[in-house]
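Chain and residue survey
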Amino acid sequence: MGAVPYNWILGACEKVKSVVSCPVATVGRVVSVEAGEKILEDGTADIIGYGRSLLTDPDIANKVENGECIRECLNCNKGCVDAIQSRRYLSCVLNAENGDEETIFIQPCTETKNIAIVGASLAGLEAARVAYKRGHTVTVLKNQIV
Ligand SMILES: Cc1cc2nc3c(=O)[nH]c(=O)nc-3n(C[C@H](O)[C@H](O)[C@H](O)COP(=O)(O)O)c2cc1C
Ligand code: SF4
């Protein structure tokens, strides 16, 4: 899905909208809240479906209300589609809590540590985010590529 254009279902949505009188939803790489609002403002769809965006950050609606930063889905399919196609549990490379909500969640640490994360790419930054949310003091060391 990373290879298909943003809003790739929207053309079909417009055609459906032209022949029905009920509200029509679109889905498929809308990704950001801003992109969804633009579609609604243009009137090309009445409802926006967010799929993977909600796997990455299920708090999108609350964060919009509170003006908080939202983690955006990469459309990489690595944690979600690849996992279920390989009969593994659903996951997300940008959301360590994704999967089984009853067993996978960030818990406060019992002992605060100073943690150095070496590498500031996806895995490193997600590890830093989780460690910080657990209560640790985190320093991210960025690799210098020469
Ligand atoms: C893990 C996963 C499972 C999905 N399972 C189904 C499914 O069973 N049936 C279906 O019609 N679409 C399924 N989809 C497609 C989504 O409903 C959605 O159309 C697609 O993810 C594109 O929207 P998005 O770019 O907002 O993720 C699945 C998507 C993901 C990521
Ligand atoms: S693994 Fe996460 S970031 Fe990657 S496509 Fe799936 S939901 Fe999006």
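Residues numbered from 1 in each chain as written. Chains lettered and ligands numbered in written order. Predicted model: local features only at pLDDT ≥ 70, side-chain atom pairs only at ≥ 80, totals over all residues. Heavy atoms only, no water.

Here we take up the site of ligand 2. Taken together, Arg52, Leu55, Thr56, Cys73, Leu74, Asn75, Cys76, Asn77, Gly79, Cys80, Cys92 and Val93 make up the full set of residues near ligand 2. When the residues that make up the shell around ligand 2 are grouped by side-chain class, the tally is seven nonpolar, four polar and one charged. (Near = heavy atom within 4 Å. Nonpolar A, V, L, I, M, F, W, Y, C, P; charged D, E, K, R; others polar.)

Core analysis: the biggest nonpolar cluster contains seven residues, these being Leu10, Cys13, Val24, Val30, Ile39, Ala45 and Ile48. If we ignore the near neighbours within four places in the chain, the residues touching Ala45 are Leu10, Cys13, Lys17, Val24, Thr26, Ile39 and Leu40. (Core = buried A, V, L, I, M, F, W, Y, C linked by side-chain atoms within 4.5 Å. Buried < 20%, exposed > 50% of the residue type's maximum accessible area, 1.4 Å probe, protein only. Contact = heavy atoms within 4.5 Å.)

Here we take up the pairing of strand E4 (residues 137-141). Where strand E3 (residues 114-118) and E4 come together, five bridges link them in parallel fashion. If you follow Ile117 over to E4, its bridge partner there is Val140. For the crossover that starts at E3, traverses helix H6 (residues 122-134) and ends in the parallel E4, the hand is right-handed. (Pairing = 2+ DSSP bridges. Helix = DSSP H or I, 4+ residues; strand = E, 2+ residues; numbered from the N terminus. Right-handed = clockwise from strand over helix to strand, strands pointing away.)

So, about the domain arrangement of the protein. Under the domain assignment used here, the protein contains domain 1 (1-50) and domain 2 (106-146). The C-alpha-based centres of domain 1 and domain 2 are spaced at 37 Å. (Domains from an automatic or database assignment.)

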